[in-house]
Amino acid sequence: MNCRFTPSKELLDRITKIYPTPFHLYSEAEIKSRAANLNKAFSWNKNYKEYYAVKACPTPGIIEILKDQNCGVDCASLCELILADRLGFRGDDIMFSSNETPGGEYSYAKKLGAVINLDDFSMIDFLEQECGLPDKICLRYNPGGELKLGNFVMGNPQDAKFGMTRDQIFEGAEKCLSRGVKKLGLHAFLASNTIDESYYPTNAAILMRLAADLIKTFGCEIFMINLSGGIGIPYRPEQEAPDIYRISDGVRREYESILAPVTKNDVCIASELGRYMTGPAGILVSKIIHKKHTHKEYLGLDSCAADLMRPAMYGAYHHITIPGKENAPLTDKYDVVGSLCENNDKFAVDRPLPKCEIGDYVIIHDTGAHGRSMGYNYNGRLRCAEVLLKEDGTFELIRRAETPEDYFATLDMTGYFSDIKNLT
Ligand SMILES: *Cc1c(COP(=O)(O)O)cnc(C)c1O
């Protein structure tokens, strides 16, 4: 059983005196230690850089913790770039790994000095026409086929919309270099949420062999091998957390055997981890507001898929615990559900839990990445607040809960909605 971020009932009582449920609660200590360990594991690479995938948790109070740990940011949209800009990220501390990129976003990224990662061959002309090519460019590779480790299929690049083919990488490299680009980087994201420790080394070997072939063909400088995201976390209690030191060691071995012999410069190994960095450091704290007994037993929460969409969207497993009943036997079986008028709004189905009562807290674990950020406003449901539990034991609201005013803010119906404050 993994050690999970599990605050006591007493602490939750203190927090909910000020901030009522539901809310996502993040552990500053956990985020810090994950970032510090990652950087330590990759310290063999002089220019190593983690670019936190902003989409996983685009909250300044979280990203600032990572910034202090020397992480950069990986952005893919206008608003993510604005966030990076306002938080003071510049130049090589920003990756712009977008796809189907609307006009204007490359200009903004270039103005910030971000490392631009092109998802497609046609983007070279598009970028050049929009704002001219920068001195260094990263190209996103898609090898096609299946990504296999032994007999196990880890990912399906052939079905992924991202990246370019090997031929396009070569043609693209030639095009970039002939138009004044000085240095090239390579990027690939071939498997998602993978706790198998051989994924990163496998991805590294694929990219480094490609880099070596580019160096041989063009004599160009490769400045970055970007392994992107994809390192998984143990959502299920029976799963083991991957060991970042063993992962890094596997990458180092590939570097030493494939890249070191053909490069003079220190190539930057980059990552764009989202889930691995903050996933286990966040929980959704909710309360049981109803119990329902029909053909099954239901626990109705004050939260719903608006705050955490992964179970509804992918049938994803999130571990659930009941504070104050940590040691109680799992005698009952419940569907733990939210309030959306959608039958997939279930945080858990047939989950063994201790006997639960209305008013009990429910902790849904591992919501620190792709949790609040993936939420939505279906059914007019409002997304919950985010609270940071600091290292010194104090806590701070880092994003307030949405209000009806937020929900109606995009409508120009002042006459109808100007009084909503008085309704709530
Ligand atoms: C989503 C994404 C990531 C982060 O993925 P995780 O699964 O959170 O590690 C990194 N890079 C790119 C380009 C992405 O789209």
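See the structure above.
The rules behind the values
Residues numbered from 1 in each chain as written. Predicted model: local features only at pLDDT ≥ 70, side-chain atom pairs only at ≥ 80, totals over all residues. Heavy atoms only, no water. Helix = DSSP H or I, 4+ residues; strand = E, 2+ residues; numbered from the N terminus. Rg over C-alpha atoms; globule rule 2.2 N^0.38 Å. Contact = heavy atoms within 4.5 Å. Near = heavy atom within 4 Å. Polar contact = N/O pair within 3.5 Å; in protein donor to acceptor, adjacent residues only side chain to side chain. Areas by Shrake-Rupley, 256 points an atom, 1.4 Å probe, with all protein chains shown as cover. Nonpolar A, V, L, I, M, F, W, Y, C, P; charged D, E, K, R; others polar. Salt bridge = Lys/Arg side-chain N within 4 Å of Asp/Glu carboxyl O. Buried < 20%, exposed > 50% of the residue type's maximum accessible area, 1.4 Å probe, protein only. Pairing = 2+ DSSP bridges. Axes fitted to C-alpha atoms, helices over the stretch in contact; angles between N-to-C directions.

Visitor: How should the overall build of the protein chain be read in this particular structure?
Guide: The helix and strand inventory of the protein chain stands at 14 helices and 19 strands. By the compact-globule yardstick of 22 Å for 424 residues, the protein chain fits well, its C-alpha radius of gyration being 23 Å. Projected onto its principal axes, the C-alpha positions of the protein chain cover 70 × 55 × 45 Å. Across the protein chain, contacts joining residues at least 24 apart in sequence account for 69% of those joining residues at least 6 apart.

Visitor: Explanation requested: the site of the ligand in the structure shown.
Guide: What surrounds the ligand is a group of 14 residues, the closest being Lys55, Gly230, Glu272, Arg275 and His370. The separation between a nitrogen atom of the ligand and a polar side-chain atom of serine 228 is 3.2 Å. In this structure, a nitrogen atom belonging to the ligand sits 2.7 Å away from a side-chain N or O atom of glutamate 272. In isolation the ligand exposes 390 Å². Once the protein is present, 90% of that is buried. Looking at side-chain class alone, the shell around the ligand contains three nonpolar, six polar and five charged residues.

Visitor: Looking at this structure, how should I read the pattern of salt bridges?
Guide: It is possible for side chains bearing opposite charge to pair when their charged atoms get close. Considering all chains together, one arrives at 27 salt bridges under this definition. Salt-bridge contacts for lysine 291 lead to glutamate 357; the nearest nitrogen and oxygen are separated by 3.7 Å. Of this pair, lysine 291 sits in strand 12 (residues 282–293) while glutamate 357 sits in the loop between strand 16 (346–353) and strand 17 (361–365); the two residues are 66 residues apart in sequence, bridging distant segments of the chain. On the basis of relative accessible area, glutamate 357 is assigned to the partly exposed category, the value being 36%. Among the salt bridges present, the one from lysine 296 reaches aspartate 350, with a minimum N-O distance of 3.0 Å. In this pair, lysine 296 sits in the loop between strand 12 and strand 13 (297–301) while aspartate 350 sits in strand 16, placing the two residues 54 residues apart along the sequence. Of the residues examined, lysine 296 reaches a relative accessible area of 27% and is grouped as partly exposed.

Visitor: Would you mind showing me how to read the sheet that holds strand 3 (residues 72–75) here?
Guide: In sheet architecture, strand pairing relies on hydrogen bonds along the backbone and comes in two forms, parallel and antiparallel. The eight strands are arranged 2-3-4-5-6-9-10-11 in a closed barrel whose pairing can be described as parallel. Ignoring which end each strand starts from, the neighbouring axes of this sheet average 25° apart. Where strand 10 (residues 221–226) and strand 11 (residues 268–271) come together, three bridges link them in parallel fashion. Bridge pairing in strand 11 links isoleucine 225 to isoleucine 269.

Visitor: Teacher, can you tell me more about the pairing of strand 18 (residues 385–389) here?
Guide: It is a general feature of regular strands that their side chains alternate between the two faces of the sheet. A large share of strand 18 lies buried, amounting to five of its five residues. Here strand 1 (residues 23–27) pairs with strand 18 via five bridges, running parallel. When the sheet's bridge partners are listed, tyrosine 26 is paired in strand 18 with leucine 388. Pairing of strand 18 with strand 19 (residues 395–399), which is carried by four bridges, proceeds in the antiparallel orientation. Paired with leucine 389 across the bridge in strand 19 is phenylalanine 395. Where strand 18 hands over to strand 19, the hairpin turn is made up of five residues, of which glycine 393 adopts a positive phi near 90°.

Visitor: Explanation requested: unusual backbone geometry in the structure shown.
Guide: With the exception of glycine, the majority of residues adopt a negative phi angle, and the majority of peptide bonds are in the trans configuration. Threonine 21 connects to proline 22 through a cis peptide bond whose omega is 0°. Position of proline 22 among the secondary structure elements: in the loop between helix 1 (9–18) and strand 1. Here asparagine 70, not a glycine, exhibits a phi torsion of approximately 75°, which is positive. Tracing the sequence through the fold places asparagine 70 in the loop between helix 3 (60–68) and strand 3.

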